[in-house]
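# Topology and contacts: notes
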Amino acid sequence: PAQCRKLAAVRIIFAGTPDAAVPTLRALLSSSHEVALVITRPPARRGRGKTMYPSPVAEVASEACVELLETTTLNTPEIAQRIEDIHADLGVVVAYGGLVPPNVLVMPTHGWVNLHFSDLPRWRGAAPVQWAIREGDATTASCVFNLEEGLDTGDVYSRIEVPIGHDSAGELLSSMAEAGADQVLGVVDALAAGRATATAQAPDGVTHARRLEHIDGYVSFTHDAGHEDRIIRSVTPNPGAYTVLPGGARMKLDKATPVERDDLEPGQLEVTKKQVTVGCASGALVLGNVAPAGKSWMDAAAWARGARPSDDCRLGGELEGER
């Protein structure tokens, strides 16, 4: 029967860089298809010692003994020739961090597909999970679409809806990356079997997700608790949430818990033996872990025991340059 025939192996070029790209690469390496080349960003400095480390994708490719191309751009004749020489059937992209130029897009027989972590056309761009959380979306989706010259504009082969709970951006992205690996493999199998179909994105509802910056992580406690909670979760773990203490010193914030109470002024603290609660414009946040400037992460109650904030202590407030 046709449904029992073995799918033809697809010769694949994979492009990706961070941890979120690793599950898909591993799934392709474990499949009947052939990963002939892996493209990733060059080693980058990490940690206090600023040591150079290969990308997570580079580490997996090296373990699998797959040909590896570490580059910040695909837009040179030498790299284009190297990609063309692979004679790939398909390119697969998951968070590579660079553009695929038009001359390279047409090289694989079936073009390129991209796993994008948003409900396209909503949140096209670099930080879709972060912005979905930040804007209070109840759901998002992972989409596998046909890569073209426009920014995340191609026809969609596969869409899986994902609910957004109280996860941080890092937690939600990690779970979507794991689920997205099978989603990509399903699309590759469908392309190999000649039964893949793609649907054009809706012309309306387009939003763009720029990369979040340090200032985007500032928590002023001058908005309602739900808003401040979304700010924190959207930038956790990167670029990170923070507020300011009296005197201007900064303190990093991890995930917090919104609570319904209106007896605290914005930024006002309530300290007990077990927790620290901060008032917002409406509602309040029970702080999780915090990290005062120059110190390691600790439970907020432990910080308060050492810092002994005064009764009139206020966190946050307006910050020059706040968006």
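Here's what I pulled together on the structure shown here. (Residues numbered from 1 in each chain as written. Predicted model: local features only at pLDDT ≥ 70, side-chain atom pairs only at ≥ 80, totals over all residues. Heavy atoms only, no water.)

### A few points about the environment of Ala 20
Along the chain, Ala 20 falls in the loop between strand E1 (11–16) and helix H1 (22–29). Overall, Ala 20 belongs to the buried group, its relative accessible area being 10%. Residues Ala 20 and Val 94, spaced 74 residues apart in sequence, show a C-alpha to C-alpha distance of 7.5 Å. Every residue in contact with Ala 20, bar those within four places of it in the chain, is listed here: Val 94, Phe 117, Leu 173 and Ala 177. (Helix = DSSP H or I, 4+ residues; strand = E, 2+ residues; numbered from the N terminus. Buried < 20%, exposed > 50% of the residue type's maximum accessible area, 1.4 Å probe, protein only. Contact = heavy atoms within 4.5 Å.)

### What about the sheet that holds strand E19 (residues 298–299)?
Sheet architecture is open: 4 strands sit in the order E12-E13-E18-E19, paired in antiparallel fashion. Looking along the sheet, the strands with just one partner apiece sit at the ends: strand E12 (241–244) and E19. The pairing of strand E13 (residues 250–253) with strand E18 (residues 289–292) spans 3 bridges and is antiparallel. Bridge pairing in E18 places Met 251 opposite Pro 292. (Pairing = 2+ DSSP bridges.)

### Some thoughts on the pattern of salt bridges
All chains considered together, the criterion is met by 11 salt bridges. Arg 11 is paired through a salt bridge with Glu 34; the nearest N and O atoms lie 2.7 Å apart. Note that Arg 11 is positioned in strand E1 and Glu 34 in strand E2 (residues 34–40), a separation of 23 residues in sequence. Residue Glu 34 is classed as partly exposed on the basis of its relative accessible area, which comes to 39%. A salt bridge links Arg 159 to Glu 161, with the shortest nitrogen-to-oxygen separation between them at 3.2 Å. Under the relative-accessibility criterion, Arg 159 is labelled partly exposed at 41%. Taken together, the shared-partner salt bridges connect Asp 119, Arg 159 and Glu 161 into one network. (Salt bridge = Lys/Arg side-chain N within 4 Å of Asp/Glu carboxyl O.)

### Describing unusual backbone geometry
Cis geometry marks the peptide bond from Thr 236 to Pro 237, where omega comes out at 10°. Tracing the backbone shows Pro 237 in the loop between helix H7 (225–234) and E12. That bond from Asn 238 to Pro 239 is cis: its omega, 0°, falls within 30 degrees of zero. Along the chain, Pro 239 falls in the loop between H7 and E12. The residue Ala 95 is not glycine, and still its phi comes out positive at about 55°. Inspection of the secondary structure puts Ala 95 in the loop between strand E6 (90–94) and helix H4 (102–105). Within the chain, Phe 221 stands out as a residue other than glycine whose phi angle is a positive 65°. With respect to the secondary-structure elements, Phe 221 resides in the loop between strand E11 (208–209) and H7.

### Some thoughts on the packing of H1 against helix H6 (residues 169–193)
Following both chains from N to C, one finds H1 and H6 inclined at 40°, their axes separated by 8 Å at the closest point. Judged on the interaxial angle alone, H6 and H1 are oblique. The interaxial crossing formed by H1 with H6 has right-handed handedness. Of H6, the residues touching H1 (which contributes Pro 23, Thr 24, Ala 27 and Leu 28) are Ala 177, Glu 178, Gly 180, Ala 181, Val 184, Leu 185 and Val 188. Across the contact of H1 with H6, the residue classes tally to 8 nonpolar, 2 polar and 1 charged. (Axes fitted to C-alpha atoms, helices over the stretch in contact; angles between N-to-C directions. Parallel < 35°, antiparallel > 145°, perpendicular 65-115°, else oblique. Left-handed = near helix turned anticlockwise from the far one by under 90°. Nonpolar A, V, L, I, M, F, W, Y, C, P; charged D, E, K, R; others polar.)

### Some words on H1
One turn of the α-helix equals 3.6 residues, which is why residues spaced by three or four share an orientation. Most of H1 sits out of view: 6 of its 8 residues are buried. Residues of H1 that are buried include every one of Val 22, Pro 23, Thr 24, Leu 25, Ala 27 and Leu 28, and no others. In this fold, the buried residues of H1 make contact with E1, E2, helix H2 (56–63), E6, strand E7 (112–116) and H6.

### Details of the pairing of E18
Across a regular strand the side chains alternate sides, sitting on one face of the sheet and then on the other. Sheet topology places E18 next to E19; 2 bridges connect them, and they run antiparallel. Following the sheet pairing, Asn 289 is matched in E19 by Asp 299. Here E18 folds back onto E19 in antiparallel fashion, the turn holding 5 residues, of which Gly 294 has a positive phi close to 80°.

### Quick notes on the packing of H1 against H2
One way to put it is that H1 packs onto H2 with a least axis distance of 9 Å and a crossing angle of 20°. Taken together, H1 and H2 sit at an angle that is classed as roughly parallel. The way H1 lies across H2 gives a crossing that is right-handed. Residues Val 22, Leu 25, Arg 26 and Leu 29 of H1 lie in contact with H2, whose contacting residues are Pro 56, Val 57, Val 60, Ala 61 and Glu 63. Its residues assigned to classes, the contact of H1 with H2 shows 7 nonpolar, no polar and 2 charged.

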